[in-house]
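What the coordinates show
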Amino acid sequence: MDPVVRRTEAGLVRGACSEDICCFLGIPYAAPPVGDLRFADPQPAESWEGSRDATDPGPPAPHRIVRIDTAAPAVTMAALEEVLARWHTSQGFEAIGVASFGPLRLDPDAPDHGAIVSTPKPGWSGTDVLRRWERFGVPVALQVDVIGAALAEQRWGGAQGLSDFVYITVGTGIGVGPIIAGMPIAARGHCELGHARVARLPGDEWPGACPFHGDCVEGLASGAAIAARAGTARPDAAWEGWQSVEHALAMLLHNLLLGLQTRRVLIGGGVMEARPALVAAITERLRVSLAGYYTAAELGPDFLLPPALGARAGPLGALALGLRAIAA
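In short, a report on the structure. (Residues numbered from 1 in each chain as written. Predicted model: local features only at pLDDT ≥ 70, side-chain atom pairs only at ≥ 80, totals over all residues. Heavy atoms only, no water.)

Looking now at the packing of aromatic side chains. Evaluation of the coordinates by the stated rule reveals 4 aromatic pairs. One cation-aromatic arrangement involves K121 over F101; the distance from NZ or CZ to the ring centre is 4.5 Å. (Phe/Tyr/Trp six-rings, centres within 6.5 Å; stacked < 30°, edge-to-face > 60°. Lys NZ or Arg CZ within 6 Å of the ring centre and 35° of its normal.)

In this section: the nonpolar core. Generally speaking, a soluble globular protein has its nonpolar side chains buried in company with each other. Within the largest apolar cluster, 38 residues are counted, with the highest numbers of intra-cluster contacts made by I96, L104, W133, F136, L142 and Y167. Within the residue set of this core, elements represented by two or more residues are α1 (73-90), β5 (96-100), β6 (140-144), α2 (145-156), β7 (165-170) and α8 (313-327). Top element by residues in this core is α2. It accounts for 7 residues. Not counting the four nearest positions on each side in its chain, W133 is found in contact with M77, L80, E81, L84, I96, V98 and V140. Residues A221, A225, V245 and L299 belong to the second largest nonpolar core, which totals 37 residues. (Core = buried A, V, L, I, M, F, W, Y, C linked by side-chain atoms within 4.5 Å. Buried < 20%, exposed > 50% of the residue type's maximum accessible area, 1.4 Å probe, protein only. Helix = DSSP H or I, 4+ residues; strand = E, 2+ residues; numbered from the N terminus. Contact = heavy atoms within 4.5 Å.)

What follows covers the state of the cysteines. Scanning all chains against the criterion turns up 1 disulfide. In this model C17 forms its disulfide with C22; the gap between the sulfur atoms is 1.9 Å. Of note, the bridge from C17 to C22 carries an S-S torsion of about 100 degrees and is right-handed in sense. A residue is classified by how much of its surface remains accessible, and C17, at 13% relative accessible area, is buried. Of all cysteine sulfurs, the one in C216 lies closest to C191, which takes part in no disulfide; the gap is 13 Å. (Disulfide = S-S within 2.5 Å.)

A separate point is unusual backbone geometry. Cis peptide bonds are those with omega within 30 degrees of zero, and the linkage from G102 to P103 qualifies with 0 degrees. Here P103 shows up in the loop between β5 and β6. One non-glycine residue, Y294, lies in the positive phi region at around 50 degrees. Along the chain, Y294 turns up in the loop between α7 (278-290) and β11 (304-305).

This part takes up the pattern of salt bridges. Considering all chains together, one arrives at 11 salt bridges under this definition. A salt bridge links R135 to E81, with the nearest nitrogen and oxygen atoms 2.9 Å apart. Of this pair, R135 sits in the loop between β5 and β6 while E81 sits in helix α1, and the two are 54 residues apart along the sequence. We classify R135 as exposed; its relative accessible area is 52%. With its nearest N and O atoms 2.7 Å apart, the salt bridge here joins R229 to D204. Note that R229 is positioned in helix α4 (residues 223-230) and D204 in the loop between β9 (183-184) and α3 (217-221), a separation of 25 residues in sequence. Take R229: its relative accessible area is 29%, and that puts it in the partly exposed class. What makes D204 buried here is its relative accessible area of 10%. (Salt bridge = Lys/Arg side-chain N within 4 Å of Asp/Glu carboxyl O.)

We now examine the pairing of β6. Of all 5 residues that make up β6, 4 are buried, and the element is covered over most of its length. Where β5 meets β6, 5 bridges bridge the pair, whose relative direction is parallel. Across the sheet, the residue bridging to S100 is V144, located in β6. (Pairing = 2+ DSSP bridges.)

Let us look at the environment of P32. Mapped onto the elements, P32 comes out in the loop between β3 (21-23) and β4 (51-53). For P32, a relative accessible area of 55% translates into the label exposed. In the structure, P32 is positioned 11 residues away from Q43 in sequence and 8.4 Å away in space, judged by C-alpha atoms.

Below, the structure is given as structure tokens:
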């Protein structure tokens, strides 16, 4: 092949031609997506001096999500370990971020530190989701999944620039992840406000579906509760039970705002994704409940929003935790 040089907006590139076909490989179309640019819109690539070698594609940048369904603990953990071992052998990594469903034992002095405790998921109580990864010899950061998603939104999504906000996921269960002064709330354990009891919708006497608390928020408004009450995981818009779901979540937000004075709440998860109209309905019930009290009078249209990262917030939460482990 014969060498050929062409001019681009960023500078000269040197490729190769064979007959009537010219090849130019590895030309950057945007700035490297690292740091604050990761998951942001592409930014223009920097120009270069002289002619850039465009005869080689350059190093690969693999981006792959491997999905493993949650089965029995031994099966699921073994499958995860197999994937990590393959990655570690093929390209290596500098840290591991674990964003797990909970509740989790996060107290480093506890004998069962790193274990899942008191979960309604059959067989998972007592499962260690931390020490298994220490074999790879890199820092490991463990947090509950909703906090991981919150940290991802803070770094790349709808909470950029905010030090006080809450991420809520409404899926099979309900998770609440408060970030205060830029950090997750840390005490004896992580926040479990999805299991808080709230004032019931007047006239609603359904006992709830939580195996621990019956009619807590999760027992009234989670995907599991909706399926138990409606007889289907996806009831239509005419289902009367939506009023109870909206009310329970609005009461949760009422207490969150008055207790934490958070600037924003991002609310996602499978239930919210399947019924986006819930955001407006919950917001209206929240306004009525707060009655303009204190900072409630300042609520704007950006107080309750869907997560900017959408369904990616969960996987990116593990990545955000890994980055924090490197920086620690």
